[in-house]
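Residue-level listing of the chains:
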Amino acid sequence: FALEIDDGARTASMGQELSTARDSVDVLVRFHVPERSALGDIPSVHHVDLVRGVSSGAGLTLPVIASVVATSDVDASSKRPDGWHEFAWRLPASHPGFFRIRGSSMARGVPGWTDSLGNPLCDELQYPNDDAKARSSLWFYSNPVFLRRR
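Conventions and cut-offs
Residues numbered from 1 in each chain as written. Predicted model: local features only at pLDDT ≥ 70, side-chain atom pairs only at ≥ 80, totals over all residues. Heavy atoms only, no water. Helix = DSSP H or I, 4+ residues; strand = E, 2+ residues; numbered from the N terminus. Buried < 20%, exposed > 50% of the residue type's maximum accessible area, 1.4 Å probe, protein only. Contact = heavy atoms within 4.5 Å. Areas by Shrake-Rupley, 256 points an atom, 1.4 Å probe, with all protein chains shown as cover. Lys, Arg positive; Asp, Glu negative; His and termini not counted. Charge placed at Lys NZ, Arg CZ, Asp CG, Glu CD. Pairing = 2+ DSSP bridges. Axes fitted to C-alpha atoms, helices over the stretch in contact; angles between N-to-C directions. Polar contact = N/O pair within 3.5 Å; in protein donor to acceptor, adjacent residues only side chain to side chain.

A. Spatial organisation of the overall build of the chain. A count of helices and strands for the chain gives one helix and ten strands. Starting at the N terminus and ending at the C terminus, the chain contains elements arranged as β-β-β-β-β-β-β-β-α-β-β. Along the first, second and third principal axes, the C-alpha set of the chain runs to 50 × 40 × 25 Å. Considering the chain as a whole, with its 150 residues, one finds that 33% of them fall into the buried category. In the chain, once contacts between residues fewer than 6 apart in sequence are set aside, the share between residues at least 24 apart is 64%. In the form shown here, the chain has an accessible surface area of approximately 8500 Å², with 53% of it arising from carbon and sulfur atoms. The average position of the 16 basic charges and that of the 18 acidic charges among the side chains of the chain differ by 6 Å.

B. Structural detail: the sheet that holds strand E2 (residues 11-13). Strands sit in the order E2-E1-E4-E7 across an open sheet of four strands; the sheet is antiparallel. Only two strands of the sheet have a single neighbouring strand rather than two, namely E2 and strand E7 (85-92). Direction aside, the axes of adjacent strands within the sheet are offset by 20° on average. In the sheet, strand E4 (residues 24-31) pairs with E7 via eight bridges, with the strands oriented antiparallel. Looking at the pairing, Arg30 lines up with Glu86 of E7.

C. Highlighting the side chain of Ser137. Mapped onto the elements of the fold, Ser137 is located in the loop between helix H1 (131-136) and strand E9 (139-141). Classification of Ser137 by relative accessible area gives buried; the value is 15%. For Ser137, the side chain forms a polar contact with the side chain of Trp139, separated by 3.1 Å. Ser137 has contacts with Ser105, Met106 and Trp113, leaving out every residue within four places of it along the chain.

Shown next as structure tokens:
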């Protein structure tokens, strides 16, 4: 899994910080979906969301407002010849904050699981939970890459 932001002169990866005076950054995400999980399941990723947290202060200070700023469906068109899926976005870099990725095996608007935007619903809607339910709704979240304004 890889998440990077690049301002044309420098690049930062997950857990790192990019300090820039540029107007925009390129955000690149790459991930691989194995043919089988450790449990023998055939995993899938339906979509990935690019989450951006924006700080209201001059640095990476609180409060931070986080929202989904881009969503891409995962299909054959996102798969590269090396077997990895890749997405790229160019976004404004006018405020400090962070970027992170959220991915899900669930489609948007699945009753009891996700809302119309693909956000997960409260786990209590699926009780009693069991192994099959837990493995049917898989999510992953990346570590953030931080953006600082110079």
